[in-house]
Amino acid sequence: MIPSLSGFRALESPRLRSYLLGQLTSLTGTWIQQITIALLAFRLTRSSAAVGVALAFSQLPILMLSPLAGVLNDRFDRRRILVCTQLASLVQALFLMMSYHAGALHITLLFTLTVIGGVISALDLPARQSIVARLLDRPADIRNAVALSSASVHMARLIGPALAALLLGRWDARACFAANALSCALFCAVLLKLKVTAHEPIRRISMSSLREGWQYCKTRADTRQTLAWIAVASLCAIPYTTLLPAAARLWAANQSISYAQLMTAAGGGAVVAALALAHVQGDETLRGAIPVSLTVAALGLIAAGVAGSRLPTSILVALVAALGFTLTVVVSGGNMLLQQNVPEAMRGRVLGLFVMLFNGVAPIGALVWGIAGDHLGIPTSLAAAGTITAFIVVARCGVLGGR
C-alpha cells in the first residue's frame, strides 16, 4: 500500500494508480506522434505555416465537438468510451506508419489524418477528465487525484518529445508511429482490466441535455468564473509557446539559449505546479490562487517582451519555468475546483466545456499571437499578451469585488 502522504493520498486507490500509469504511457505516445507529424509537415512543405495548420487541424475539432462529447460521457460508460478512442488512435497510428512506409504520406493525407486525430481527441479528453472521480476509494480525494492526473499529463509532455528525438535519430517516423500505437494498446489493456464505479447515466442524448450543461455553468457564479479564467489563459497567455521558437532565436543573439531549453523549462514548471497543487485542500485557496497566478503570468510575459533580449540565460529559463508553473495553476487548479463541486450527473458536460475552453480555444490564441508575432515582432507581441491578460484580470476582479 502507498504511504499516506498528504500530496499523494489519492494513490492509495489501486485503480487510480493503474489508470495514471496507463494514461502516462498513452500520452507519451501521443506526444511522440505529435512531434513527428509537425516534423513531417515541415519536411513535406518546407513551410512553418503548414506546421501551424497541422496543429490547428488537430485541435479545432475539440473546440466544436467536446461539449457534445461531454453529453456522451454523461450518457455512456466512460471506460468504454476511452477504450474506443484508444483503439481508434491505434488504428490511426498504424495507418500513418503504413502510409509513410509505402511513401504515400503526402501533405493532404497527413492533414486528413490529423483532423481524424482531432475528432478522436475531442471524444477522448472529456472522458479522461470525467473518469477520474469514478476510480477513487475515497471520493473526498478528488482534488488530489485531479492534480496527480495533471502531473502525469505534464510528465508525458516532457518525456514524449525526448523519446521522439531518440526514435527519429535512431530510426525514422515509422518507429514513432509504432510507439504511439503500442502506447494505445497498453492503455487499452489497462482500461479493459479496470473496474470503474458506475455513474447514473442521463436518459438520452439531446439538445436539451447539452443546454442543461450550459445552463448549469451559467447559473453558478463560481463555476462560471473558473471557466472564464481558463478561457482567458487559453486565449491570451498559454499561446506564448507559439512565440518561443522565434523568441529563442532573438534571445540567442546575446546569450546561449535554445528552444528546447525553454520548452523543457516550461514543462518542468508545469510538473512542479501540478505536484504542488496535490497538496492544496481548500477551495478558497484555489479560488484565490488562480487570478493571482494569472496576474503573475501576465507580468512574466510583459517582462519577457520588454527585457527578454537583455536577460541572462538563467533568468530567461527561470522566467519561462514560472510561466509554466503559474499557467498550470490556473488550468489544473480550475479543473480541481470544477471536479470537486460538480454533481456527478453533470460531470461529463461541465468537463466537456472545460476541454473546449482549454484545449479548443488555445489554438485560436496561437493563431492570433502567431500572426501578431509576424507583424508586430516578438517582444511587442509578448508584452501585448501580458498586458491584455493583466487588464482582463484586474477588470474582472474589480467587477467581482464590486458585487
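Cut-off values and rules
- Note on numbering: residues in each chain are counted from 1, in written sequence order.
- Thresholds applied to this predicted model are a pLDDT of at least 70 for local features of residues and 80 or more for the giving and counting of side-chain atom pairs; totals over whole chains, interfaces and linings are not thresholded and use all residues.
- With hydrogens and water set aside, each side-chain value is computed from the structure's full complement of heavy atoms.
- Note on conventions: DSSP H or I runs of at least 4 residues are helices, E runs of at least 2 residues are strands, and numbering of each starts at the N terminus.
- Note on classification: 1.4 Å probe, protein chains only; a residue is buried when its accessible area is under 20% of the maximum for its type, exposed when over 50%, partly exposed between these limits.
- Any two residues whose heavy atoms approach within 4.5 Å are treated as being in contact.
- His is not counted, nor are the chain ends; Lys and Arg add positive charge and Asp and Glu add negative charge.
- Every charge is mapped to an atom, namely NZ of Lys, CZ of Arg, CG of Asp or CD of Glu.
- Stacked, edge-to-face and tilted labels apply to pairs of Phe, Tyr and Trp rings (six-membered ring for Trp) whose centres lie within 6.5 Å, assigned for plane angles under 30 degrees, over 60, and everything in between, in that order.
- When the NZ atom of lysine or the CZ atom of arginine is within 6 Å of a ring's centre and also within 35 degrees of its normal, the charge is said to sit over that ring.
- What qualifies as a polar contact is a pair of N or O atoms within 3.5 Å, subject to a donor-acceptor requirement within protein and to the restriction that residues adjacent in sequence count only when both atoms come from side chains.
- Lines fitted to the C-alpha atoms define the axes, with helices restricted to the stretch that makes contact. Angles between their N-to-C directions range from 0 to 180 degrees.
- Each angle gets one of four labels, with under 35 degrees taken as roughly parallel, over 145 as roughly antiparallel, 65 to 115 as roughly perpendicular, and the rest as oblique.
- By convention the crossing between two helices is left-handed if the near helix lies anticlockwise of the far one by an angle smaller than a right angle, and right-handed if it lies clockwise.
- Residue polarity is assigned by list, with Asp, Glu, Lys and Arg as charged and Ala, Val, Leu, Ile, Met, Phe, Trp, Tyr, Cys and Pro as nonpolar; anything else, Gly included, falls into the polar class.
- Here, a salt bridge means any Lys or Arg side-chain nitrogen found within 4 Å of an Asp or Glu carboxyl oxygen.

S.K.: Any chance you could explain the overall build of the protein chain here in plain terms?
M.R.: Scanning the protein chain for helices and strands turns up 15 helices and zero strands. In terms of overall dimensions, the protein chain has a C-alpha envelope of 60 × 60 × 45 Å along the principal axes. For the protein chain, with 403 residues in total, the buried portion stands at 52%. Across the protein chain, contacts joining residues at least 24 apart in sequence account for 86% of those joining residues at least 6 apart. Mean positive and mean negative side-chain charge positions of the protein chain (31 and 14 charges, respectively) differ by 4 Å.

S.K.: Help me out: how do you make sense of the environment of alanine 366 in this one?
M.R.: Within the secondary structure layout, alanine 366 lies in helix α14 (residues 362-376). Between the alpha carbons of alanine 366 and tyrosine 240 there is a distance of 7.5 Å; along the sequence they are 126 residues apart.

S.K.: Please clarify how the packing of aromatic side chains should be interpreted in this entry.
M.R.: Each aromatic ring pair is summarised here by two numbers: the centre-to-centre distance and the angle between the ring planes. Tallied over the full model, the rule gives three aromatic pairs. Seen from their ring centres, tyrosine 19 and phenylalanine 187 are 5.7 Å apart, and the 55 degrees between their planes marks the pair as tilted. With tyrosine 19 in helix α1 (residues 14-45) and phenylalanine 187 in helix α6 (residues 173-193), the pair connects residues that are 168 residues apart, well separated along the chain. Using a relative accessible area of 0% as the deciding quantity, one classes tyrosine 19 as buried. Where phenylalanine 57 meets phenylalanine 111, the ring centres are 5.3 Å apart and the plane angle is 90 degrees; that geometry is what we call edge-to-face. Linking phenylalanine 57 in helix α2 (residues 48-75) with phenylalanine 111 in helix α4 (residues 107-131), this pair joins segments that are 54 residues apart in sequence. For phenylalanine 111, a relative accessible area of 17% translates into the label buried. For the cation-ring pair, arginine 170 lies above tryptophan 171, with the distance from its terminal atom to the ring centre recorded as 5.2 Å.

S.K.: Whenever I open this one, the side chain of arginine 157 confuses me. Can you help?
M.R.: In this fold, arginine 157 is placed in helix α5 (residues 142-170). Among residues more than four places away in sequence, those in contact with arginine 157 are Trp31, Met263, Ala266, Gly267 and Ala270.

S.K.: Where do I start with the side chain of aspartate 172 in this structure?
M.R.: Structurally, the position occupied by aspartate 172 is in the loop between α5 and α6. Polar contacts involving the side chain of aspartate 172 include one to the side chain of arginine 174, which spans 2.7 Å. Residue contacts for aspartate 172: discarding those within four places in its chain leaves Tyr100 and Leu167.

S.K.: So what exactly am I meant to see when it comes to the packing of α1 against α5 here?
M.R.: Relative placement of two packed helices is described by the angle separating their axes and the distance separating the axes. Here α1 crosses α5 at 40 degrees, and the two axes come no closer than 7 Å. Considering their axes alone, α1 and α5 lie oblique with respect to each other. For α1 against α5, the interelement crossing comes out right-handed. Split into classes, the residues belonging to the contact of α1 with α5 amount to 19 nonpolar, six polar and one charged.

S.K.: How should I be thinking about the pattern of salt bridges in this particular structure?
M.R.: Close approach of charged atoms allows side chains with opposite charge to pair. All told, the structure shown has 16 salt bridges when counted by the stated rule. Close ionic contact of aspartate 74 with arginine 78 constitutes a salt bridge, the shortest N to O distance being 3.1 Å. Of the two residues, aspartate 74 and arginine 78, neither departs from the other in class, the shared state being buried. Arginine 78 serves as the salt-bridge partner of glutamate 344, at 2.6 Å between the closest nitrogen and oxygen. Of the two residues, glutamate 344 is situated in the loop between α12 (313-341) and α13 (347-360) and arginine 78 in helix α3 (residues 78-101); the sequence distance between them amounts to 266 residues. One salt-bridge network, held together by shared partners, links Asp74, Arg78, Arg134, Glu212, Glu344, Arg347 and Arg349.

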